[in-house]
Structures are given as structure tokens and as C-alpha cells.
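Fold and contact review
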Amino acid sequence: MIQQDIRKLAAYGLKTGLIEKEDEIYTVNRLLELFELDEAEETEGVADADGEELEDILARMLDYAYEKGIMAEDGVVSRDLFDTKIMSVLVPRPSEVIRRFRELYRQDPVKATDYYYKFSQDTDYIRRYRIKKDQKWIAATPYGELDITINLSKPEKDPKAIAAAKNAKQGGYPKCLLCMENEGYGGRVNHPARQNHRIIPVEINGSQWGFQYSPYVYYNEHCIVFNGKHTPMKIEHDTFCKLFDFVKQFPHYFVGSNADLPIVGGSILSHDHFQGGRYEFAMAKAGLDKSFTIKGFEDVEAGIVSWPMSVIRISSPDSDRLIALADVILDKWRGYTDEEAFIFAETEGEPHNTITPIARKRGDKYELDLVLRNNITTQEHPMGVFHPHAGLHHIKKENIGLIEVMGLAVLPARLKEEMDSLADALLEGRDIRGDEILEKHADWVDEFLPGYGAESRDTKEKLMEILRKEIGSVFMHVLEDSGVYKRTEEGQRAFERFLNSL
């Protein structure tokens, strides 16, 4: 079968455009070398890979590599390292990909990103077959339709790989997952392989940055734009300039930055980067609760967004005016304290206030959403006062970063099995407080279940639909907990006090 699969993989390369007809013999020979074979055999009936998934072809190749001792371990980490090496045989050099991207960009930026997004999937850098496993649904709330996803595309590491990673030398190359040096890197047990990865260089506000897609694509064309140098995240004047520079180059994409402080920031604070894409989140669709004018910026439209978190939206045909106003708001917020609202700019020299900014083009105007963030902790809320509170941790306790802020819940993989087991337990009338895994959901169930009649929860399908709806409600409360100004009269008066200070 290995001879057939080599031919099928070459056919896949031809079909997707990763290689051309003139590359076929070369590609087959590279694969023969990889699998320690001396010659190609004539194979019948495998002229193309139609009807066969890439995942299946690669799976058989990996099985063969393990059986022949080419691959030492058979766990998911070892398989991911080796199948990336296999796919690298089909992937053009960076210069070729960049050249094609720029040719298409000169015609239309949309054509360029369409090509690059498809390319990133065809190379298996974005593993389509894993993304399909993610569970996704829409939750209707008073704030609009929130996106809920249980992330299943990041595979769980097997015990051997965990042990190997623990014992492996902690290398400093690449410095992190967002460094330019990841392009073409072979990987190791504690760092993913990236031989099938290609980065598009872009100039952002006069500095060199990289443009790529997230391998986990939480939403359509989920891209990452990252500094060419390994430099920490920082929200400042240049951040706003860079966001709008990117939007001007790719007006069909939004782009935003995580905040630059722990708890309210993203998972990688050590490397300056943005996330964007071709998707409209619930927050972007949300209207304004009220409009207001800031002195000196009467030409800029401004308002409070109807959203569970505290968001100021400013809009103008002139991006420079938005940058100037964003500077004023950021500077004021960094040093703003309102003890009555439990907003402290700093405690014991530790800063707490920052902003999560999101930029987009809407019609002939530029738009900037500024989400006010604060990372103060207390004994009652050790993970953060403006962070999901303990009663919600059974569903979501991780940081609320840019993606969640905009209205997309990225929930842990454990929930898939837990919700399935919970539905079974409820259907059978079992006491979930006696279940070690499900017990954490008991208070939540006691709270919502009485609101549903017996007939509305008499099948597993109905119960799963209820659980999906209630998870959406939990995520809405997660966002409300994360808002510095609550959606109450008192909270909105406090928000007004900040706006009046501008």
C-alpha cells in the first residue's frame, strides 16, 4: 500500500495545485527517500486520490512508518511530527508562495487571501479533518447571537508524549509559537512541526510583520498578524496605527489585539501580535446603547455598545482622528480610579487598567471598538474581579481574550464528554452529585432544570439542546462578569463618570 499511497499523495498535490506536473517524479522520489524505499513500483488504478481523504492516506503512511521503525513512537505527537514532514515534500518554498500571494494581491487583496487560506488548508497546516470535529452552535441572548464552540481540534497528548516533553531539553529556538523561525521548523516533542507552514511578510506601520492563519481557525479565515521580532505585547499609540494600517491593506478583514496584562490578555503575552479574519462577530453586529460626543472630537461618532462588556465604539472616515481619540481614551483609562466602582488604576505599583482594541472598515468609515479591561484580584475573586466568577468555572474559567470578548466562546474539550454524560444522567434520573466528574455541574442543573417541563426533556436529544442553550447563557454571564461596568443603573452611571472625565 505504501507505493500506492505515495502515488496518491503526489496526485493530491497535483489536484490541489501544491505541485505541478513537472514536479511529480521529483515528489515521488522525495517520498521514496522519506520512507526508505529504493525504487518506485508501477501501481494500477491510483492515478488520482479522488474519493479518498488526505487524512486516510496519511494515516496509512504513518502506520507503515511505525511498523518499519522509521517512526519511533506511535502517539499523536509523534504522528503529527511525522505527517508534517511528509506534507513538507509537497509544499513550495516560501519565496514561491510569497510571489504568488503578491501577484494576486496586486489584482485584489481578496484573491490573495482566498489563495493563501486554501493553501494553508491544502498543506495540512490547517487540519480540516480536526476542525470538523469542533462542536459549534449559536446561542440567542439579549445581546445577539453568541458563537459557542467546544474546541476538539487540539489533540490531547498521550502520556508518553507528556513524559517526553517534561524530560526534553527546554530549547530556546524558536522562542515562541509566533516567531518567524517557526517557518519550516521540524518540531520536537514540546514544539509543533511547521515544515508545511509558510508566512507572508507584511509591512505594518513601517515595521516588518508576518501574516498567517491560525491552525485552529476558530472562525472563518482566522488570521494572526505578528511582529517580526520577539517583543512583548503592548497597547499604545503605535498599536492603533498598526491596526488601521492592516485594515487599509486588507479592508475585508477586521483585526484586533489582546490586552497587554495578565488575566485579561491572551495566552501569549511575550510576542506582540494581532488576530483578525473575515467574520462578523456578535459584538460587531451590536448597536449602541447611547451616543455621545467628546470635546475636541466633535467630528468623531462615539457611543457605548450594547454589549455585556464595557465597549466604546468610535467611527470616522479619517482613521487618524480615531487614533488620536483612542490615545486620549487609553491614556485616561490607564490612570483612572473610581473606588465606588472598584476600578483601581494600580495597587502596590501593579497596573490594572488596559484596553482590548478591535478595528474594522464599515462602508466608507473606519471603526474602532475599545473594550475597557481591568485585571485586579481579591481574596473573593483570586482569578480576577472582572473575570468569570467561580460559579461559572465548571464551564469556563480560562482568560477572556480577544475572541471571547467579541462573542465567541472557546470552551474546553472536556465539555463534549461531560455534556453527553450529563444528558444520560438526567435522562436516567441519576444523582449527579454522586458522580465525581459531573458533580461540578450540579448547582447549575438545579438552577435551570426546573424551568423545563417533563415533556421538553424526555429524550437525550431534547436534553442536549437544553444543555447547549444553557451553556450559551453561561457564556453570556461570563462576559457580564468580565465587564468593568455592569449592565445596571449603578454600573452605567459609573461608566458615565469615566466618559465625563475625557
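Residues numbered from 1 in each chain as written. Predicted model: local features only at pLDDT ≥ 70, side-chain atom pairs only at ≥ 80, totals over all residues. Heavy atoms only, no water.

**Here we look at the sheet that holds strand S1 (residues 135–141)**
Strand-to-strand pairing in sheets goes through backbone hydrogen bonds, with the strands running parallel or antiparallel. Keep this limit in mind: Here a strand pair is declared whenever DSSP counts at least two bridges between the two strands. Counting from the N terminus, the helices are DSSP H or I runs at least four residues long and the strands are E runs at least two residues long. The angle between two axes is taken between their N-to-C directions and runs from 0 to 180 degrees, where each axis is a line fitted to C-alpha atoms and a helix contributes only its stretch in contact.
In space, the three strands of this open sheet follow the order S1-S2-S15, with mixed pairing throughout. This sheet does not close on itself; its edge strands, each paired only once, are S1 and strand S15 (408–411). Shown here is a sheet whose adjacent strand axes are inclined to one another by a mean of 20°, direction ignored. The pairing of strand S2 (residues 144–150) with S15 spans four bridges and is parallel.

**Some remarks on the packing of aromatic side chains**
Spelled out, the test is: Two aromatic rings, drawn from Phe, Tyr or Trp (for Trp, its six-membered ring), form a pair once their centres lie within 6.5 Å of each other, and the interplanar angle then sorts them: stacked below 30 degrees, edge-to-face above 60, tilted otherwise. Buried means the residue's accessible area, taken with a 1.4 Å probe over protein chains only, is under 20% of the maximum for its type, while exposed means over 50%, and partly exposed covers the values in between. Two thresholds decide whether a charge sits over a ring: the Lys NZ or Arg CZ must be within 6 Å of the ring centre and within 35 degrees of the ring normal.
Following the criterion strictly, the structure yields 34 aromatic pairs and no others. Ring geometry for phenylalanine 101 and phenylalanine 211: centres 6.2 Å apart, planes at 55°, overall tilted. Of this pair, phenylalanine 101 sits in helix H5 (residues 94–107) while phenylalanine 211 sits in strand S4 (residues 207–213); the two residues are 110 residues apart in sequence, bridging distant segments of the chain. No difference in accessibility class separates phenylalanine 101 from phenylalanine 211, as the two residues are buried. Cluster of aromatic residues (ring-pair linked, three or more members): Phe101, Tyr105, Tyr116, Tyr117, Phe211, Tyr213, Phe246, Phe250 and Tyr253. Looking at lysine 248, its charged tip hangs above the ring of tyrosine 366, at a distance of 5.6 Å from the centre. One Lys or Arg, lysine 361, reaches over the ring of tyrosine 366 and ends 5.1 Å from the middle of that ring.

**Brief notes about the side chain of histidine 393**
Formally: Counted as a polar contact is a pair of N or O atoms within 3.5 Å, where, for protein atoms, one must be capable of donating a hydrogen and the other of accepting one, and residues adjacent in sequence contribute only when both atoms are in side chains.
By the element assignment, histidine 393 lies in the loop between strand S14 (365–374) and helix H12 (402–405). The class for histidine 393 is buried, based on a relative accessible area of 19%. Within the structure, the side chain of histidine 393 is placed 2.7 Å from the backbone oxygen of proline 388, a separation counted as a polar contact. In terms of polar contacts, histidine 393 uses its side chain to reach the backbone carbonyl oxygen of histidine 389, at 3.5 Å.

**Looking at helix H4 (residues 76–88)**
Defined as follows: To estimate how far a helix should extend, the number of its residues minus one is multiplied by 1.5 Å.
The end-to-end C-alpha separation of H4 is 18 Å, in line with the 18 Å expected for 13 residues at 1.5 Å each. For H4, a buried count of eleven out of 13 residues is recorded, marking the element as mostly surrounded by other parts of the structure. Among the residues of H4, those classed as buried are Val77, Ser78, Arg79, Asp80, Leu81, Phe82, Asp83, Thr84, Ile86, Met87 and Ser88.

**Topic: helix H16 (residues 489–500)**
Short version of the rule: Our arc is simply the arc of the directions from the helix axis toward the C-beta atoms. By definition in these notes, contact holds between two residues if any of their heavy atoms fall within 4.5 Å.
If you check H16, its first and last C-alpha atoms are 16 Å apart, about what twelve residues at 1.5 Å a residue would give, namely 16 Å. The set of residues buried in H16 consists of Gly491, Ala494, Phe495, Phe498 and Leu499. For H16, the angular spread of buried residues about the axis comes to 145°, placing them on one side. What points out from H16, more than 90 degrees from its buried face, is the exposed set Glu489, Glu490 and Asn500. Where H16 is buried, its residues touch strand S8 (288–292), strand S9 (301–305), strand S10 (311–316), helix H11 (319–334) and S14.

**Brief notes about the nonpolar core**
Note the following rule: To qualify as a nonpolar core, a set must consist of buried Ala, Val, Leu, Ile, Met, Phe, Trp, Tyr and Cys residues joined through side-chain atoms within 4.5 Å.
By size, the foremost hydrophobic cluster in this structure holds 92 residues, and its most contacted members are Leu9, Phe35, Ile86, Phe211 and Tyr485. Once you skip the residues sitting within four places of it in the chain, leucine 9 turns out to touch Leu31, Leu54, Ile57, Met61, Ile86, Met87 and Leu90. In terms of nonpolar packing, the next biggest core, distinct from the first, is built from 55 residues, Met283, Ala423, Tyr452 and Val478 among them.

**A word on the pattern of salt bridges**
Rules: When a carboxyl oxygen of Asp or Glu is within 4 Å of a side-chain nitrogen of Lys or Arg, the pair counts as a salt bridge.
Applying the stated criterion to the full structure yields 43 salt bridges. A salt bridge links glutamate 489 to arginine 493; its shortest N-O distance comes to 3.9 Å. One end of the pair is glutamate 489 and the other is arginine 493, both in helix H16 and four residues apart, which spans about a single turn. Exposure remark for arginine 493: the relative accessible area of 48% places this residue in the partly exposed category. In the salt-bridge network here, residues are joined through shared partners; they are Glu280, Arg313, Arg360, Arg362, Glu367 and Asp369.

**Some details on a negative patch on the surface**
For clarity, the threshold we go by: Only residues whose relative accessible area exceeds 30% and that form no salt bridge enter a patch; like-charged residues are grouped when within 9 Å of one another, and nonpolar side chains (Val, Leu, Ile, Met, Phe, Trp, Tyr) when within 5 Å. The method behind every accessible area is Shrake-Rupley, applied with a 1.4 Å probe, and residues are considered shielded solely by the protein chains displayed. For the purpose of charge, His is not counted, nor are the chain termini; Lys and Arg are scored as positive and Asp and Glu as negative. For the purpose of locating charges, the reference atoms are NZ of Lys, CZ of Arg, CG of Asp and CD of Glu.
There is a patch of like negative charges on the surface, built from Glu20, Glu22, Asp23 and Glu96. Structurally, glutamate 96 is set in helix H5.

**Topic: the side chain of arginine 79**
Mapped onto the elements of the fold, arginine 79 is located in helix H4. Using a relative accessible area of 17% as the deciding quantity, one classes arginine 79 as buried. Each residue touching arginine 79, except ones within four places of it in the same chain, is listed here: Ala59, Leu62, Asp63, Met71 and Asp74.

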